[in-house]
Amino acid sequence: RITVKGTLIGFNTLESFQQANKNDLIRENFLSSSSSTPDSSTFTEPSLILLTYADLKNHKVLYWFAMPALATLPDKSVRALAGSCEVFDETQNETLRNNFNRDIIFQQ
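As the structure is a computational prediction, the values presented were derived from the model and not from experiment. Chains are numbered independently. Their residues run from 1 in the order of the written sequence. In view of the model being predicted, local features appear only for residues whose pLDDT reaches at least 70, and side-chain atom pairs are presented and counted only at 80 or more, with totals across whole chains, interfaces and linings using the full set of residues. The side-chain quantities take in all heavy atoms of the structure and omit both hydrogens and water.

## Overview of the sheet that holds strand 4 (residues 47-55)
A strand pair is defined by DSSP finding two or more bridges across the two strands. By the criteria applied, helices consist of DSSP H or I runs no shorter than four residues and strands consist of E runs no shorter than two, each listed in order from the N terminus. Pairing is mixed across the open sheet formed by three strands, whose spatial order is 1-4-5. A strand with exactly one partner marks an edge of an open sheet, and here the two such strands are strand 1 (5-11) and strand 5 (60-66). Taken over all neighbouring pairs, the strand axes of this sheet differ in orientation by 20 degrees on average, direction set aside. Bridge count between strand 1 and strand 4: seven bridges; the pairing is parallel. Every axis in this analysis is a line fitted to C-alpha atoms, fitted for helices over the stretch in contact. Angles between the N-to-C directions lie between 0 and 180 degrees.

## Brief notes about the packing of aromatic side chains
Here a pair means two rings of Phe, Tyr or Trp (six-membered ring of Trp) with centres within 6.5 Å. Their orientation is stacked below 30 degrees between planes, edge-to-face above 60, and tilted elsewhere. Taken as a whole and judged by the stated rule, the model has one aromatic pair. Centre to centre, the rings of Phe11 and Phe17 are 6.0 Å apart; their planes meet at 75 degrees, and the pair counts as edge-to-face.

## Quick look at the pairing of strand 5
The pairing of strand 4 with strand 5 spans seven bridges and is classified as antiparallel. Across the sheet, Tyr53 pairs through a bridge with Leu62, a residue of strand 5. Following strand 4, the chain reverses through four residues before pairing antiparallel with strand 5; His59 in that reversal takes a positive phi of roughly 55 degrees.

Interpretation in functional terms is not warranted from these geometric data alone.
Below is the structure:
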């Protein structure tokens with residue numbers, strides 16, 4: 001089970017649900033412009049947004065769900081892949097292996 005903070009907004013009318021400015025909601029809930037440059041944005045703590053409208057007469061529920069996902073910028077790409085042995089020394093590789101195995105054992 002995973003617990004995540006979030007925002008649930010329920011609308012009374014279909015029109016208000018459809019007219020909700022989803023881009024502004026994403027900016028307000030997911031991004032923080034407190035970094036050093038005014039144009040840069042960083043993620044705040046993980047959260048989600050759920051907008052809902054329930055049409056009780058017709059037994060229908062409409063919803064719009066958003067959560068942050070990591071993505072690369074279009075102009076960025078991976079140029080070369082390297083194995084951990086090429087990047088880390090033997091001590092660092094051993095530490096990575098031990099921590100990885102320990103975390104897998106405790107999560108089961």
